[in-house]
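Descriptive structure summary
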Amino acid sequence: MNVLLIGGPGQFMNQLITKYKKEGYRVHLLTGGYHTKREYERVFECYPFSLESEDLYEVFESVNPDITIWLGAYDTNYSWLEEENEFVKYVAHVNNLLVSYVRAARGRFYYLSSEEVFADSQTPIAEEDPATACDYKGSALIQAETICEQFRATRESDICVIRLEHLYYLPKSREDVQDVSARMCVHALEYGDMVAGRNRFFSLLYIKDAIQFLYMITAKKDRKYSLYHLSSGETISEYALATGIQKNLKSTINIVESHQKESILLDNARFDSEFGIHIYNECEQTIPDLAKYMERHRDRFVQTEDTSLPLWKKILRRIGKWMDLCLPFLENMICFIPFFMLNNRTVDSQYFARIDFYLFYVLLFAIVYGQHQAIFSAVLAISGYLFRQMYTRTGFEVALDYTTYVWMAQLFILGLAVGYMRDQIRSIKRESKEIENHLERQLRDIKDINNSNVRVKDVLENQVIDQRDSIGKVYQITSALDRYTPSEVIFYAVEMLCKLLYSKDVAIYTVSNSSFARLFSASSETARQLGNSFRYQELGEMYQELKERKVYINRSLKPEYPLMANAIYENDEIRMIVMVWGIPWERMTLSQANLLVVVSYLIQNAMLRANRYLDALREERYIKDSMILEPEAFESLVRAYVKARKKNLTQSTLLRIEDSDAYETTVISDELNTKLRQSDYLGMTKNGNIYVLLTNTNETEASIVIQRFLESGFRSHIVERLEG
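Since this is a predicted model, take the numbers as computed values, not measurements.

For the structure on display, the rule yields 20 salt bridges. Residues Arg106 and Asp66 are paired through a salt bridge, measuring 2.7 Å at the closest nitrogen-oxygen approach. Taken together, the positions of Arg106 in the loop between helix H3 (83-104) and strand S5 (108-114) and Asp66 in the loop between helix H2 (56-63) and strand S4 (67-70) put the pair 40 residues apart, joining distant regions of the chain. Residue Arg106 is classed as partly exposed on the basis of its relative accessible area of 32%.

So this is what it looks like as structure tokens:
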């Protein structure tokens, strides 16, 4: 199944990606913006598009998602610093996203909201209660929920709103500090105190529990409602939370008691009745870890740069900002000086008196800087002109001179006109550049979507044809078992499981008429760590899972148990146990468990066919009236074990019975079979010598069997290969 996650980078998004990948989903990501500093977990395909993009429909068409989840209230693309602007942008993005989703008409859409849609309440709030928030963010979330409900009702789309109450997690940087507990820690580290009220209550929901609850909702197709509250159900006062943080910080922290009584508690009875609630991460465990971690890495969370600067550096920083604002005007005043001097030198000249240097000066700044600097330069030019006229005329004469006003009007008109044209040309160029960038971005998005489709097509084609866990490949590998004997089937089954489950550590134990499981084949020393035999009924929780015919998954990562195990049954009794140790964490999923079950059944079928074939040929395989294998059958069995031993799949030891020709075969069979295990074999070679194949036995252990034979009057010794 395809899942499309929408939102900015952060812990919530990364843990969602990890969860759905682990559960076997193909995860696609729509970032909602271009992010370069913060990274996401690896996904199947990433679309770095803004939610304002006109190409969102193409993204939905390309991904074809079964599940779409937008982080919404927890989307890090929205900072909510300028709340008015964020409100408009958020609501516009909701509409654009839902229009694209409804147009694609594919899968289920989940929008994540929060408790911020409510102002305050002393009692648990049910889903039916009306939202009461008045601030910009709360109003934006309410508006988004209303739009979702409208699209669901009018377009008959499968849209669900999920409100998470006081989500918290272990932050990695100051950017991650969003929840009440982390903010209290930061305040304590920065200022040495916390403000907390005894009558303010929260129900904190840890991120891992929230993701598990969210997965439970999204994995179920036929849910009952379109709105759910997700809450831990465990109430804690703000003062108790502050006390827990205070106890786990080494520095001295004061708690200032507040008398505020506002509390927001969401009623999660609807979710509990339908899905059930089990909290794995309680506040008593997570809050101390949160406080200790943030104090240990306080340089990531505490802003000390401005407070540590001396006064003179702060003054210089402010002067620098003022200089940036005044620099164009200073430049204008400095350039005025040479034009003023040129005008004064040429005013009495016979040839240059009619040149208006002030006009050139105003036009120059109008062309270069625009209207504002043109007005300032015109004021300076008029001041210089009036100052020069005062040399030869009185102020009264200058004020009554009509030509002075005409010249001033000319200066302002030309300066403003040229400055306006310059500003308009710059504005047109800027708009053209923006349109060009927009078209280039659209073209780039279309190219990315096309490249993505090509990659997805290639990957899916490869998965169908050549992927190791595809149905065709599984059948191709397992069907090869049909041509082997029962012993060879298990050897090759171990190799096959290593390929299909991406593990180097696989073991198969056999069970026969007892409570002991005996090692038949293993691919590594790690897979042999339970030993050559053990009582499988003493495996505790692992045995309980196998007894119920379920795949055991070691989610608690107990070192004494394999990471995954499955039992193969015959006539309602366990005959084999398949154990897998070295599985990557991200592949310990339900899909891998199902794959193990399917492969186990295929191994069982191959074993049954091989055993039926051998039972049909039993009289031809054994010497008459004995349990000694005929030469051809025994030599084939020994070759299989030698080959498996070279691949490090098993251990075996070959014994030769000395002076075996002095005894009847029935006598040897009756005497020696009582000294052997059911998994060991007696056999004869073409020259009449009797051999014993001890399976899963090294030379040290074989010495015990040699001693047993000697006590019965049969001498034997270890040999490397069959003779004759």
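And the narrative resumes.
What follows deals with the packing of H3 against helix H4 (residues 136-155). Running from N to C, H3 and H4 point in directions that differ by 15°, and their axes come no closer than 9 Å. Between H3 and H4, the interaxial angle falls into the category roughly parallel. Like other packed secondary-structure pairs, H3 and H4 cross with a definite hand, here right-handed. Together, Glu83, Glu84, Phe87, Tyr90, Val91, Val94, Asn95, Leu98, Val99 and Val102 of H3 and Tyr136, Ser139, Ala140, Leu141, Gln143, Ala144, Ile147, Cys148, Phe151 and Arg155 of H4 make up the contact between the two elements. Residues belonging to the contact of H3 with H4 are distributed by class as follows: 14 nonpolar, 3 polar and 3 charged.

Bringing the environment of Val177 into the picture now. Relative to the helices and strands, Val177 is located in the loop between strand S7 (167-168) and helix H5 (180-191). Given the relative accessible area of 15%, Val177 is considered buried. Separated by 124 residues in the primary sequence, Val177 and Phe301 place their C-alpha atoms 8.2 Å from one another. Apart from residues no more than four positions distant in its own chain, Val177 is found in contact with Pro171, Ala182, Arg183, Val186, Met294 and Phe301.

Moving on, we get to the side chain of Glu295. With respect to the secondary-structure elements, Glu295 resides in helix H9 (residues 283-296). Buried within the structure, Glu295 lacks any salt-bridge partner; Arg298 is the closest side chain of opposite charge, at an N-O distance of 4.9 Å. Looking at Glu295, its side chain comes within polar contact range of the main-chain nitrogen of Ser251, at 3.2 Å. Look past the residues within four positions of Glu295 in its chain and what remains in contact with it is Leu189, Asn248, Leu249, Lys250 and Ser251.

A contiguous nonpolar patch, built from Leu311, Trp312, Ile315, Leu316, Ile319, Met323, Leu330, Met333 and Ile334 and spanning about 910 Å² of accessible area, is present on the exposed surface. Position of Leu311 among the secondary structure elements: in helix H12 (residues 311-346). For Leu311, a relative accessible area of 62% puts it in the exposed group.

Right, let's get into the packing of aromatic side chains. A complete count under the given rule lists 26 aromatic pairs for this structure. Relative to Tyr215, the ring of Tyr20 has its centre 5.7 Å away and its plane inclined at 65°; by these criteria the two rings are edge-to-face. With Tyr20 in helix H1 (residues 11-22) and Tyr215 in helix H6 (residues 207-219), this pair connects stretches of sequence that are 195 residues apart. Its relative accessible area of 0% is what places Tyr20 among the buried residues. On the basis of relative accessibility, which here comes to 14%, the residue Tyr215 falls in the buried class. Taken together through their ring pairs, the aromatic side chains of Trp70, Tyr78, Trp80, Tyr90 and Tyr111 make up a single cluster.

Before going further, it helps to spend a moment on the sheet that holds strand S20 (residues 628-629). Judged by pairing direction, the sheet is mixed, and its 5 strands sit side by side in the order S20-S22-S23-S21-S24 without closing on themselves. Across the chains shown, the open sheet's two edge strands, defined by having one partner strand only, are S20 and strand S24 (716-719). Of the strand pairs in this sheet, strand S21 (residues 652-657) and strand S23 (residues 690-695) are connected by 5 bridges, and their pairing is antiparallel. Each residue of the ladder has a partner; that of Arg656, found in S23, is Tyr691. Sitting on the sheet, helix H22 (residues 631-646) touches S20, S21, strand S22 (681-684) and S23, and the angle it makes with S22 is about 125°. Along the sheet, helix H23 (residues 665-673) contacts S20, S21, S22 and S23; its crossing angle with S22, the most-contacted strand, is approximately 160°.

Scoring rules and cut-offs
- Note on numbering: residues in each chain are counted from 1, in written sequence order.
- It should be noted that, the model being predicted, local features are given only for residues of pLDDT at least 70 and side-chain atom pairs only at 80 or more, the latter also being counted only at that level, while totals for whole chains, interfaces and linings use all residues.
- Each side-chain value is worked out from all heavy atoms of the structure, with water and hydrogens disregarded.
- Salt bridge, as used here, is a side-chain nitrogen of Lys or Arg placed within 4 Å of a carboxyl oxygen of Asp or Glu.
- By definition, any uninterrupted DSSP run of H or I lasting at least four residues is a helix, any uninterrupted run of E lasting at least two residues is a strand, and each is numbered from the N terminus.
- Note on classification: 1.4 Å probe, protein chains only; a residue is buried when its accessible area is under 20% of the maximum for its type, exposed when over 50%, partly exposed between these limits.
- For helices, the fitted axis covers only the stretch in contact; all axes are lines through C-alpha atoms, and the angles between them, taken along N-to-C directions, range from 0 to 180 degrees.
- For classification purposes, an angle smaller than 35 degrees is called roughly parallel, one larger than 145 roughly antiparallel, one from 65 to 115 roughly perpendicular, and anything else oblique.
- Note: crossing handedness is left-handed where the near helix turns anticlockwise from the far helix by less than a right angle, and right-handed where it turns clockwise.
- Note on definitions: a residue-residue contact is assigned when non-hydrogen atoms from the two residues lie within 4.5 Å.
- All residues other than Ala, Val, Leu, Ile, Met, Phe, Trp, Tyr, Cys, Pro, Asp, Glu, Lys and Arg, Gly among them, are scored as polar; the first ten of these are nonpolar and the last four charged.
- Neither His nor the chain ends is counted toward charge; the positive residues are Lys and Arg and the negative residues Asp and Glu.
- Distance and chemistry together define a polar contact, namely a pair of N or O atoms within 3.5 Å, with one atom able to donate a hydrogen and the other to accept it when in protein, and with adjacent residues in sequence counting only for side-chain atoms on both sides.
- Patch criteria: residues need more than 30% relative accessible area and no salt bridge. Like-charged residues are merged within 9 Å; nonpolar side chains of Val, Leu, Ile, Met, Phe, Trp and Tyr are merged within 5 Å.
- Here, Shrake-Rupley sampling with a 1.4 Å probe gives the accessible areas, and only protein chains in the shown set may cover a residue.
- For this analysis, a ring pair means two rings from Phe, Tyr or Trp (six-membered ring only for Trp) whose centres lie within 6.5 Å, classed as stacked if their planes differ by under 30 degrees, edge-to-face if by over 60, and tilted for the remaining angles.
- Only strands that DSSP links by at least two bridges are regarded as paired with each other.

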